[in-house]
Amino acid sequence: MSYYCDKYVITEKKTLAKEIYSFTVSCPEAAHAAHVGQFANIAADGFTLRRPISICGIDREKGTLRFVFEVRGKGTAEIARANEGDTLDILGPLGNGFRIPEGKKIIVVGGGIGVPPMLGISAKTGALCTAILGFRSYDKVILDDEFRANDSNTIVCTEDGSVGVKGFVTVPLAEELAKGETEAVFACGPEAMIKAVIKLCEEHNVPCQVSLEQRMGCGVGACVVCSCLTVRNGKEYYSRVCKDGPVFNAEEVRFNG
Amino acid sequence: MADLSVRIAGVEFPNPVIAASGTYGNGECYTELYPLSRLGGVSCKGMTIEPKMGNVPPRIAETPSGILNSVGLQNIGVHGFVEYYLPTLKEEGNVIIANVAGAVLDDYIAAAEVLDASDVDMIELNISCPNVKAGGATWGVTKEGAAAVTHAVRKATKKPLIVKLTPNVTDITEIARAVEAEGADSISLINTLLGMRIDINSRRPILHNNVGGLSGPAVFPVAVRMVWQCYKAVHIPIIGMGGISTWEDAVEMILAGASAVQIGTAIFKDPYSPLKVIDGLSEYMDKNGIRSVSELVGQVKPW
Ligand SMILES: Cc1cc2nc3c(=O)[nH]c(=O)nc-3n(C[C@H](O)[C@H](O)[C@H](O)COP(=O)(O)OP(=O)(O)OC[C@H]3O[C@@H](n4cnc5c(N)ncnc54)[C@H](O)[C@@H]3O)c2cc1C
Ligand SMILES: Cc1cc2nc3c(=O)[nH]c(=O)nc-3n(C[C@H](O)[C@H](O)[C@H](O)COP(=O)(O)O)c2cc1C
Ligand code: FES
């Protein structure tokens, strides 16, 4: 797994929703090395730490990576100021991506800003993919058209019912899993959502991979600040979200630490 | 071309730029970008005699021009280090420094004995980590504590011994003198300054450990001041660190009295920063007709 660190030109900037931006960046080496589910650590001018942002799209032919992120604080606000033609200071691709089975029916579950890393799975699996995408309300809905363009069976949920299914992603997920056709589930989103998804997958005995978030320093495994409690062979230990993750098998993850 | 090599406690460094403990893993994480041999040395992740799990996350918070961390010395233990990391480090790197921490004297002694029998080039004694309730700060904040641990480890190893000082003290020079008197070959400073951040909405500290160590550019002037004070107080060489992010910072630290520098937090934003410091220092020396780093050490002209 190789990664790069350089300033790369932004070839396209789009506003997807209020305070949610899509940046496409020309970075041929990084694009070539990238896998679905990996992330990049993006520098924000004037801040000591980079900001981890998932890779939303990989185009090896064009040599581009795409990032979709929401302005959550001062660092992401600074990054969002960049325009087409400006450069983005990227360290990546980093971490372990999703392990996607070939030719099998799968479900991806994305919650809010956890939706972007799921788009790459949909791009790879197309009609074999059911995408369950949860948002707070209609004005936060992003990327659903792109999942549909991949021929994925796309179900949008909003908490207030302003568009799509009213309620949480777990309702359609339970229905889909009950059909008994799903070979794997992939999830990224708020912790409460991930926990609920894992529980449903356990009940239906379907393997699940989750992408986790933690505050990071280096992003490359050097500083061990980004820990998440995991268990292997009955022993609990802290894994590094940046290097051992961000994608983990659901059964490895412990949330109470 | 200027000669960047420096000699500390009889150990030859090809250049005076060292990766700081806890920020560079065990040298394995940045080899995708450049070989470890570009650095003068690497101070490895702080290690203890037994493996340690570390503190509950979150372990990092950003601050104005810096960060707080509360890793709590997560490490695989001295034996794991010697077995898994040291062979590669010796092959790929220059000076390999083992950073050692402990909760009780016997921990320090046991770790030092294991390292004494290994291939590490130097031992850096961390008596200053503010994260571990049982150890760390308690040793380094009094001259008696600092002297006791230095004395014990000095007896346990013949390896060149660096003692790393904590800035969380009233008078750092008395600690520096105490460890010099007990046989330290060098001192390194500063470790992190104890700090805290609070989320005003949840009213929770951002770090699960509540408090953590401040590093990065925010601490740089404090570090320069302490290195300068220690330079005047002891005769052993000083390794200066704390907030260095540019070659100008490194020159400033050397002028204050450092024979070599360590860089930590700056690497998170710019992994190439140690190399930029080496190149910038070299150019500065050429431009000013300085042939050896030693001509600069402590050469500040105080008012
Ligand atoms: C592996 C990974 C992938 C991510 N992918 C995306 C993505 O594709 N799109 C997106 O919008 N967001 C993503 N995030 C979340 C994003 O990193 C944070 O929203 C962002 O760091 C907030 O920075 P800020 O300066 O705006 O906020 P501030 O709150 O001002 O940040 C202060 C500090 O806390 C850190 N921080 C705050 N929130 C988070 C968080 N949720 N996770 C990690 N660090 C945080 C910041 O990095 C910074 O160091 C991802 C996080 C991780 C760990
Ligand atoms: C995440 C992190 C972990 C650290 N771990 C250690 C450690 O294990 N042992 C130690 O002596 N110092 C440790 N330090 C302190 C650094 O080595 C250094 O003294 C300090 O960060 C100041 O330098 P800087 O501002 O260049 O980072 C750590 C610092 C950081 C940021
Ligand atoms: S962020 Fe440094 S180890 Fe993960």
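How each quantity is defined
Residues numbered from 1 in each chain as written. Chains lettered and ligands numbered in written order. Predicted model: local features only at pLDDT ≥ 70, side-chain atom pairs only at ≥ 80, totals over all residues. Heavy atoms only, no water. Helix = DSSP H or I, 4+ residues; strand = E, 2+ residues; numbered from the N terminus. Contact = heavy atoms within 4.5 Å. Areas by Shrake-Rupley, 256 points an atom, 1.4 Å probe, with all protein chains shown as cover. Near = heavy atom within 4 Å. Polar contact = N/O pair within 3.5 Å; in protein donor to acceptor, adjacent residues only side chain to side chain. Nonpolar A, V, L, I, M, F, W, Y, C, P; charged D, E, K, R; others polar. Domains from an automatic or database assignment. Buried < 20%, exposed > 50% of the residue type's maximum accessible area, 1.4 Å probe, protein only. Buried area = accessible area lost by both parts, 1.4 Å probe. Axes fitted to C-alpha atoms, helices over the stretch in contact; angles between N-to-C directions. Parallel < 35°, antiparallel > 145°, perpendicular 65-115°, else oblique. Left-handed = near helix turned anticlockwise from the far one by under 90°. Pairing = 2+ DSSP bridges.

Looking at this structure, I do not really get the overall build of chain B. What am I missing?
When helices and strands are counted, chain B shows nine helices and 14 strands. The principal-axis extent of the C-alpha atoms belonging to chain B is close to 55 × 50 × 45 Å. Counting only contacts in chain B whose residues sit at least 6 apart along the sequence, the fraction spanning at least 24 positions is 71%. Within the structure as shown, chain B displays about 12000 Å² of accessible surface, and the carbon and sulfur contribution to it stands at 53%.

When you look at the site of ligand 1 in this model, what are you seeing that I'm missing?
Residues and elements named next belong to chain A. Around ligand 1, the surrounding shell holds 20 residues, and the nearest of these are Pro-52, Gly-73, Gly-75, Thr-76 and Glu-213. Within the backbone of Val-68, an N or O atom sits 3.0 Å from a nitrogen atom of ligand 1. Against a free-state accessible area of 830 Å², the protein chains account for coverage of 87% of ligand 1. Where the shell around ligand 1 is concerned, the elements lending two or more residues are strand E4 (51-54), strand E6 (64-70) and helix H2 (74-80). Per-element tally for the shell around ligand 1: the top contributor is E4, with four residues. Here the residues of the shell around ligand 1 are counted per class, giving nine nonpolar, five polar and six charged. Composition of the shell around ligand 1 by domain shows at least three residues from each of domain 1 (4-94) and domain 3 (213-257).

Would you take a moment to explain the side chain of Asn-69 of chain B for this structure?
Residues and elements named next belong to chain B. The residue Asn-69 is located in strand E6 (residues 66-69) in this model. A relative accessible area of 16% means that Asn-69 is categorised as buried. Only 3.3 Å separates the side chain of Asn-69 from the backbone nitrogen of Val-71, close enough to count as a polar contact.

So what exactly am I meant to see when it comes to the domain arrangement of chain A here?
Reports of interface size often rely on the accessible area that becomes lost once the parts have come together. Residues and elements named next belong to chain A. As assigned here, chain A comprises domain 1 (4-94), domain 2 (98-211) and domain 3 (213-257). On a C-alpha basis, the centres of domain 1 and domain 2 stand 23 Å from each other. Taken together, the contacts link 14 residues of domain 1 with 14 residues of domain 2. When the two sides are added together, the surface that domain 1 and domain 2 hide from each other amounts to roughly 1200 Å², 60% of it contributed by carbon and sulfur.

Help me understand the packing of helix H4 (residues 143-156) of chain B against helix H5 (residues 172-181) of chain B in this model?
For any two helices packed against each other, the geometry is given by the interaxial angle and the distance between the axes. Residues and elements named next belong to chain B. At a closest axis distance of 8 Å, the pairing of H4 and H5 adopts a crossing angle of 25°. Classified by the interaxial angle, the pair formed by H4 and H5 is roughly parallel. In this structure, H4 meets H5 at a crossing whose hand is right-handed. Between H4 and H5, the contacting residues are Lys-143, Ala-146, Ala-147 and Thr-150 on the first element and Glu-174, Ile-175, Ala-178 and Val-179 on the second. Partitioning the contact of H4 with H5 into residue classes produces five nonpolar, one polar and two charged.

In this structure, what is going on with the site of ligand 2? I would like to understand it.
Around ligand 2 lies a shell of 24 residues, among which Ser-21, Lys-164, Gly-216, Gly-243 and Thr-265 of chain B are the nearest. Lying at an intersection of chains, ligand 2 is approached by residues of chains A and B. Between ligand 2 and the protein, one listed contact pairs an oxygen atom with a backbone N or O atom of Ile-190 of chain B at 3.0 Å. At a separation of 2.6 Å, an oxygen atom of ligand 2 approaches a polar backbone atom of Gly-243 of chain B. When ligand 2 is considered free in solution it has 600 Å² of accessible area, and contact with the protein chains removes 98% of it. Taken together, the residues that form the shell around ligand 2 break down as seven nonpolar, 15 polar and two charged.

Help me out: how do you make sense of the packing of helix H1 (residues 78-92) of chain B against helix H2 (residues 105-116) of chain B in this one?
All names here are of chain B. Relative orientation of the contacting elements H1 and H2 amounts to 20°, with a least axis distance of 9 Å. Comparing their axes, H2 and H1 come out roughly parallel. Note on packing geometry: the crossing formed by H1 with H2 is right-handed. Of the residues in H2, those in contact with Val-78, His-79, Phe-81 and Val-82 of H1 are Ala-111, Val-114 and Leu-115. Its residues assigned to classes, the contact of H1 with H2 shows six nonpolar, one polar and no charged.

Which parts of the structure should I look at to understand the pairing of strand E15 (residues 235-240) of chain A?
Successive side chains on a regular strand alternate, one facing one side of the sheet and the next facing the other. Judged from the six bridges that link them, strand E14 (residues 227-232) of chain A and E15 of chain A form a sheet pairing that is antiparallel. Each bridged residue has a counterpart across the sheet, and for Thr-230 of chain A the counterpart in E15 of chain A is Tyr-237 of chain A.

What is the right way to look at the sheet that holds strand E8 (residues 122-126) of chain B in this model?
Strand pairing in a sheet takes place through backbone hydrogen bonds and is either antiparallel or parallel in direction. Residues and elements named next belong to chain B. The sheet built from eight strands closes into a barrel, its strands ordered E3-E4-E7-E8-E9-E10-E13-E14 with parallel pairing. Between one strand axis and the next, the sheet turns through 25° on average, direction left out of account. The sheet contact formed by strand E4 (residues 41-43) and strand E7 (residues 95-100) spans three bridges and is parallel. If you follow Ser-43 over to E7, its bridge partner there is Ile-97.

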